[in-house]
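Tertiary structure, described
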Amino acid sequence: MKTDYPIKVIERLSTFLHTSLDIILKKRLIADPCQHVLQLFKATVASVPAYRQFLKDQKVDPEKIASFKDFETLPLLNKSNYMQRYPLPERCKGGQIYACDRLAVSSGSTGISTFWPRAMIDELDIALRFEQVFRHSFQAHEHTTLAVVCFPLGNWVGGIFTTSCCWYLAQKGYPLTVATPGNKPEEILRVVRELGPYFKQTVLLGYPPFVKDVIDTGLAQGIDWHLHNIKFVFAGEVFSEEWRSLMLQRVGSQAPCYDSASLYGTADGGVLGNETPLSIAIRRFLAEHPNVARELFGESRLPTLVQYDPISRFFELIDGVTLAITGDNGVPLIRYHIADRGGLISHAELMAFLKAHGLSTFEDYGVDSEICTLPFVWVFGRADFTVSFYGANIYPENVAIGLEQEGFASWITGKFVMEVRNDKEGEEFLHITIELLPGITAEAGKETTIASSIRAQLLRLNSEFANYVPAAKQLPQIKLLPFGDPGYFPIGVKHRYTRRSSSD
């Protein structure tokens, strides 16, 4: 028996249920995150066998880590040097997997599922991110709300994690009822039709392209979304402000900064940050001023911009390019390199930057800049050559196996570029451009044959693809180009297997 666990549960749950969100955030804003991560490091050294062994293997003496400056010298963790090297129980507190009462699953680059154990008390901290959205954006403490979880269920991290966090809000006293149809469009629409009229508002939580499919299917079936006061919670994809406007327009929303929010999360770290009315207003301003956005983000594309609680998840920018996090969980993470390309900026620094570029008030967006003074993190997406499609990370290795099947080697080089595109209706599809061997032409039927082979291997190897992507969207669109095509396969240039999203 875990004799001390019930006491911890009661203490954590009581604090969550009886303390208002604003009081929690106020306390965290005045806390010192540097001291907090240093304390978490020491607690992890004391309680996690794998981390102690990792430091020993890296020839690091934990006794010499006495300041935050010392903390910054600690070696980075990642999946290969830590998660895949040390047994799962030893990565848990006390070296005991049963210290965690639940498991989630994500798919790795080989298609082999990775298990991420956690305890209920770990979810309470993540539930605060959902509470920020439901309270500050949707005013769900004042309005009866139907939350419809449209993420895949089962062991998959998105659906169960979301459901748990929404249940905690209901237990805290929010007039909130949670429905869990998962990623089944007809069941989602049935829930909205039959239950939506009993609530002041309905929140759809899911991957952006999937939720768009649900909205479009509903419109085709005659659902009047305007009657349901629809709100959205998205995760797993970077989308444009034009796409947000389109979605909100289809459900009759007049408040783009308040009627949707995107979560930035990972299976290993949980929800790391969330959009707020302020971050959305800033992003919409930057979408209207691409030169200002380029100066801030260093790229011409618009990343996801969220605010984060550094006491919950502490971010560091590694080599000025990618992000690392430190946070408590079933498997504590100390300087864990999540391979996401992004950046960090404090609230004060971002407000000063925007003021210098002509934005000193957010009145035009209906937002108060002081409503949430948490720092900001932006993320372009994964930096390891994956693309995200319906929330599934699609890896070049999986696609390559589809091209390596018998019969293809005599007419393709094996080089390809995968990207997620949008058609004129805003629908997403997986597009793969493939290089032909010299002297080979694109004959009729070859695209279909390759598409079927790639789909078969993705379904075989990538469990996220098989469970997240609707069957109707699983067949990629193929384009065969001549050898050395300058747009996709320039000769003498290091090849990249992914390209950012574009319009068809």
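Structure: see above.
This write-up is about the structure you can find in this document. (Residues numbered from 1 in each chain as written. Predicted model: local features only at pLDDT ≥ 70, side-chain atom pairs only at ≥ 80, totals over all residues. Heavy atoms only, no water.)

**Observations concerning the overall build of the protein chain**
Each helix and strand in the protein chain was counted, giving 18 helices and 19 strands. In terms of overall size, the protein chain behaves like a compact globule, its C-alpha atoms giving a radius of gyration of 23 Å where 504 residues would be expected to give roughly 23 Å. Projected onto its principal axes, the C-alpha coordinates of the protein chain cover approximately 70 × 60 × 55 Å. Taking all 504 residues of the protein chain together, the buried fraction comes to 55%. The contacts of the protein chain with a sequence gap of at least 6 include a subset with a gap of at least 24, amounting to 72%. Averaging the coordinates of the 50 positive side-chain charges in the protein chain and doing the same for the 56 negative ones gives two points 3 Å apart. (Helix = DSSP H or I, 4+ residues; strand = E, 2+ residues; numbered from the N terminus. Rg over C-alpha atoms; globule rule 2.2 N^0.38 Å. Buried < 20%, exposed > 50% of the residue type's maximum accessible area, 1.4 Å probe, protein only. Contact = heavy atoms within 4.5 Å. Lys, Arg positive; Asp, Glu negative; His and termini not counted. Charge placed at Lys NZ, Arg CZ, Asp CG, Glu CD.)

**Quick notes on the pairing of strand β16 (residues 412-422)**
The buried fraction of β16 amounts to eight of the eleven residues, a majority that puts the element mostly inside the structure. Pairing of β16 with strand β17 (residues 428-436) involves eight bridges; the strand directions are antiparallel. Pairing of Phe 416 across the sheet is with Ile 434, part of β17. A loop of five residues connects β16 with β17, the two strands running antiparallel in sequence, and Gly 426 in this loop sits at a positive phi of about 85°. (Pairing = 2+ DSSP bridges.)

**A look at the pattern of salt bridges**
Tallied over the full model, the rule gives 27 salt bridges. Lys 172 is the salt-bridge partner of Glu 131, the closest N and O atoms lying 3.0 Å from each other. Highlighted residues: Glu 131 in helix α8 (residues 120-137) and Lys 172 in the loop between α9 (157-171) and β4 (176-179), separated in sequence by 41 residues. (Salt bridge = Lys/Arg side-chain N within 4 Å of Asp/Glu carboxyl O.)

**Side note on the packing of helix α16 (residues 396-403) against helix α17 (residues 446-461)**
Where α16 meets α17, the axes come as close as 8 Å, and the angle between the chain directions of the two elements is 130°. Here α16 lies oblique to α17, going by the angle between them. Once α16 is placed against α17, the crossing between them reads as right-handed. For the pair α16 and α17, contact is made by Asn 398, Val 399, Ile 401, Gly 402 and Leu 403 and by Ile 450, Ser 453, Ile 454, Gln 457, Leu 458, Arg 460 and Leu 461, respectively. When the residues that make up the contact of α16 with α17 are grouped by side-chain class, the tally is seven nonpolar, four polar and one charged. (Axes fitted to C-alpha atoms, helices over the stretch in contact; angles between N-to-C directions. Parallel < 35°, antiparallel > 145°, perpendicular 65-115°, else oblique. Left-handed = near helix turned anticlockwise from the far one by under 90°. Nonpolar A, V, L, I, M, F, W, Y, C, P; charged D, E, K, R; others polar.)

**Some points on the packing of helix α11 (residues 208-220) against helix α12 (residues 241-250)**
For any two helices packed against each other, one specifies the crossing angle of their axes together with the interaxial distance. Relative orientation of the contacting elements α11 and α12 amounts to 30°, with a least axis distance of 11 Å. The pairing of α11 with α12 is recorded here as roughly parallel in orientation. The crossing of α11 and α12 is left-handed. Along the contact surface, α11 presents Pro 208, Pro 209, Val 211, Lys 212, Ile 215, Asp 216 and Leu 219, while α12 presents Trp 243, Leu 246, Met 247 and Arg 250. Considering only residue class, the contact of α11 with α12 consists of eight nonpolar, no polar and three charged.

**Points about the nonpolar core**
Ranked by size, the top nonpolar core spans 94 residues in total, and within it Phe 130, Phe 134, Leu 204, Trp 225, Phe 232, Ile 434 and Ile 450 carry the most contacts. Of the residues forming this core, the biggest block, nine residues, is contributed by α8. When near neighbours in sequence (up to four residues on either side) are disregarded, Leu 204 contacts Val 148, Cys 150, Ile 188, Val 192, Val 211, Ile 215, Trp 225, Ile 230, Lys 231, Phe 232 and Val 233. (Core = buried A, V, L, I, M, F, W, Y, C linked by side-chain atoms within 4.5 Å.)

**Points about the side chain of Glu 435**
Among the secondary structure elements, Glu 435 is positioned in strand β17. Within the buried core, Glu 435 has no salt-bridge partner, and the shortest N-O distance to an opposite charge, that of Lys 415, equals 4.6 Å. At 2.8 Å, the side chain of Glu 435 and the side chain of Thr 413 are in polar contact. Not counting chain neighbours up to four residues away, the residues in contact with Glu 435 comprise Ile 412, Thr 413, Lys 415, Leu 481, Pro 482, Phe 483, Gly 484 and Phe 489. (Polar contact = N/O pair within 3.5 Å; in protein donor to acceptor, adjacent residues only side chain to side chain.)

**Side note on helix α2 (residues 21-30)**
Of the residues making up α2, those classed as buried are Leu 21, Ile 24 and Leu 25. Projected down its long axis, α2 shows its buried positions confined to an angular sector of 95°, all on one face. Opposite its buried face, α2 presents the exposed residues Lys 26, Lys 27 and Ile 30, each directed more than 90 degrees away. (Arc of directions from axis to C-beta.)

**Structural notes on a nonpolar patch on the surface**
On the surface, a nonpolar cluster with roughly 370 Å² of combined accessible area is contributed by Ile 97, Tyr 98, Leu 103 and Phe 115. Note that Phe 115 resides in strand β2 (residues 113-118). (Patch = residues over 30% accessible without salt bridge, like charges linked within 9 Å, V, L, I, M, F, W, Y side chains within 5 Å. Areas by Shrake-Rupley, 256 points an atom, 1.4 Å probe, with all protein chains shown as cover.)

**Here we look at the environment of Tyr 497**
With respect to the element layout, Tyr 497 can be found in the loop between β18 (477-481) and β19 (502-503). According to the relative accessible area criterion, Tyr 497 is partly exposed, its value standing at 29%. Spatially, the C-alpha atoms of Tyr 497 and Ile 371 are 42 Å apart, while their sequence positions differ by 126 residues. In this structure Tyr 497 touches Pro 396, Gly 414, Lys 415, Phe 416, Val 417 and Met 418, once residues within four positions along its chain are discounted.

**Quick word on the environment of Pro 152**
Its place among the elements puts Pro 152 in the loop between β3 (145-149) and α9. Sequence separation between Pro 152 and Glu 464 is 312 residues; the distance between their C-alpha atoms is 9.5 Å. When near neighbours in sequence (up to four residues on either side) are disregarded, Pro 152 contacts Gly 159, Asn 183, Tyr 207, Asn 467 and Tyr 468.

**Concerning the packing of aromatic side chains**
One pass over the structure, following the stated rule, counts 22 aromatic pairs. Their ring planes at 70° and their centres at 5.3 Å tell us that Phe 234 and Phe 239 sit as a pair that is edge-to-face. When sorted by exposure, Phe 234 lands in the same class as Phe 239, which is buried. Here the aromatic rings of Phe 297 and Trp 378 are separated by 5.0 Å at their centres, their planes lie at 70°, and the arrangement is edge-to-face. You can see Phe 297 sitting in helix α14 (residues 290-297) and its partner Trp 378 sitting in strand β13 (residues 376-382), a full 81 residues away along the chain. Following the ring pairs from residue to residue traces out a cluster consisting of Phe 41, Tyr 51, Phe 54, Tyr 82 and Tyr 86. Between Arg 118 and the ring centre of Phe 161, over which it is positioned, the NZ or CZ distance is 3.9 Å. One Lys or Arg, Arg 283, reaches over the ring of Phe 239 and ends 5.8 Å from the middle of that ring. (Phe/Tyr/Trp six-rings, centres within 6.5 Å; stacked < 30°, edge-to-face > 60°. Lys NZ or Arg CZ within 6 Å of the ring centre and 35° of its normal.)

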